[in-house]
Amino acid sequence: MKKLMIGAAAIALLTACGPNDKPADVKEPTLKELVVRQGDPAKAADALAAMSLTDTDTGVLSFAGKTVDGSSATFTDLGITGEDAVTVGSLVFDGLDMNDGAATFGKLSLNNITMASHDEEGTVKVGSIELVNPSAELAGWLAGTLNGQEVPFPAADKVVFDSWSMSGLSGVFNDADADGTMGIDKIEIRDMTDLKAAKAMISGISVDIVDNDEGMDVKMKLGSLSMTNIDAK
């Protein structure tokens, strides 16, 4: 946990020390309108079965509640097999469908995630993680992961989505060596195609660490940072 927080502080420092003026020749990209891809209510049950989500404890996930409405499905009070320290408040799918025998969806939302660290007495919380309009290959990889299969990650040209975001990240720890807190309001990546993103944004970074072992105190804040036309290859 301590290393994670120090790493976040380093990122904030490096970005804050960069140039403040936007180059004159850089234009803001025109982003796609975020419209969640529609699914097929008649195939929703098959899609959930392909992800081992028909019943609890049949795949990687366990859940206390489940509701299905058309091509949408909501699961509540989730756990992950073999990961007792991780809990998820809800998992929501919109636009459920099938493509060549594999599950697909228009939007996936994970909400109120908590990850506890027994060794360092720390906790990380995430308000939400969302993926909108992934390619069939990326959705299939996620579906295979949920039902416990070892599925190869898609080739670079198949890593496609309209938006991926994480909001409300916070961390706190307190052990013999150090204690501190960190937070990120939001990270978002837009219009990813062939591992190239039209835009990436991060906002609200805050880090406050007292490292007794190293004799170092770190306090850092960063309002926002955005990058355009990013090539992740």
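Residues numbered from 1 in each chain as written. Predicted model: local features only at pLDDT ≥ 70, side-chain atom pairs only at ≥ 80, totals over all residues. Heavy atoms only, no water.

Trainee: How should the sheet that holds strand β6 (residues 107-117) be read in this particular structure?
Mentor: Strand pairing in a sheet relies on backbone hydrogen bonds, with the paired strands running either antiparallel or parallel. If you walk across this open sheet you meet the nine strands as β1-β2-β3-β6-β7-β8-β9-β10-β11, and the pairing is antiparallel. The outermost strands of the open sheet, each flanked by one partner alone, are β1 (61-69) and β11 (216-231). Direction aside, the axes of adjacent strands within the sheet are offset by 5° on average. Bridge count between strand β9 (residues 178-193) and strand β10 (residues 196-211): 14 bridges; the pairing is antiparallel. (Pairing = 2+ DSSP bridges. Helix = DSSP H or I, 4+ residues; strand = E, 2+ residues; numbered from the N terminus. Axes fitted to C-alpha atoms, helices over the stretch in contact; angles between N-to-C directions.)

Trainee: Can you walk me through the nonpolar core in this structure?
Mentor: The nonpolar side chains of a soluble globular protein tend to be buried with one another. Formed by 43 residues in total, the largest nonpolar core has its most connected members in Met51, Leu53, Phe75, Leu91, Phe93 and Leu96. Sorting elements by how many residues they give to this core places β10 first, with five residues. With residues near it in sequence (within four places) discarded, Leu91 still touches Leu53, Leu61, Ala73, Thr74, Phe75, Leu78, Leu108, Ser109 and Leu110. (Core = buried A, V, L, I, M, F, W, Y, C linked by side-chain atoms within 4.5 Å. Buried < 20%, exposed > 50% of the residue type's maximum accessible area, 1.4 Å probe, protein only. Contact = heavy atoms within 4.5 Å.)

Trainee: Is there a simple way to think about the layout of surface pockets in this case?
Mentor: Sizing a probe to match a water molecule and rolling it over the atoms shows the empty space that remains. In this structure, the largest pocket spans a volume of roughly 570 Å³. Lining of the largest pocket is provided by 24 residues; of these, Leu108, Leu110, Ile129, Leu142 and Leu146 occupy positions nearest its centre. When residues of the lining of the largest pocket are traced back to their parent elements, those giving at least two are β2 (72-80), β3 (83-94), β6, β7 (122-132), α3 (136-146) and β8 (161-174). With five residues, α3 is the single largest residue contributor to the lining of the largest pocket. When the residues that make up the lining of the largest pocket are grouped by side-chain class, the tally is 22 nonpolar, one polar and one charged. (1 Å grid on protein atoms, 1.4 Å probe; cavity = no way out; pocket = protein on both sides within 12 Å on 5 of 7 lines; lining within 4 Å. Points joined across faces, edges and corners; volume = space filled by probe spheres on them. Nonpolar A, V, L, I, M, F, W, Y, C, P; charged D, E, K, R; others polar.)

Trainee: Is there a simple way to think about the side chain of Ser109 in this case?
Mentor: By the element assignment, Ser109 lies in strand β6. Take Ser109: its relative accessible area is 6%, and that puts it in the buried class. In this structure, Ser109 is in contact with Ser90, Leu91, Val92, Ile129 and Glu130, ignoring residues within four places of it in sequence.

Trainee: I would appreciate a short explanation of the pairing of β9 in the present structure.
Mentor: Successive side chains on a regular strand alternate, one facing one side of the sheet and the next facing the other. Summarising the sheet, β8 and β9 pair through 12 bridges and their orientation is antiparallel. Looking at β9, one finds that Phe161 is bridged to Met192. Hairpin connection between β9 and β10: a loop of two residues separates the two successive antiparallel strands, and Asp194 in this loop has a positive phi of roughly 55°.

Trainee: Would you mind going over the packing of aromatic side chains with me for this structure?
Mentor: How two aromatic rings sit relative to each other is given by the distance of their centres and the angle of their planes. Here the structure, examined in full by the defined rule, presents three aromatic pairs. Where Phe63 meets Phe75, the ring centres are 4.9 Å apart and the plane angle is 65°; that geometry is what we call edge-to-face. Of this pair, Phe63 sits in strand β1 while Phe75 is found in strand β2, placing the two residues 12 residues apart along the sequence. Note on accessibility: Phe63 and Phe75 belong to one class, buried. Between Phe93 and Phe105, the ring centres sit 5.4 Å apart and the planes meet at 65°, which makes this aromatic pair edge-to-face. A residue pair is termed long-range when its members are at least 10 positions apart, and Phe93 in strand β3 and Phe105 in the loop between β5 (102-104) and β6 qualify at 12 residues. By relative accessible area, which is 0% here, Phe93 ends up buried. (Phe/Tyr/Trp six-rings, centres within 6.5 Å; stacked < 30°, edge-to-face > 60°.)

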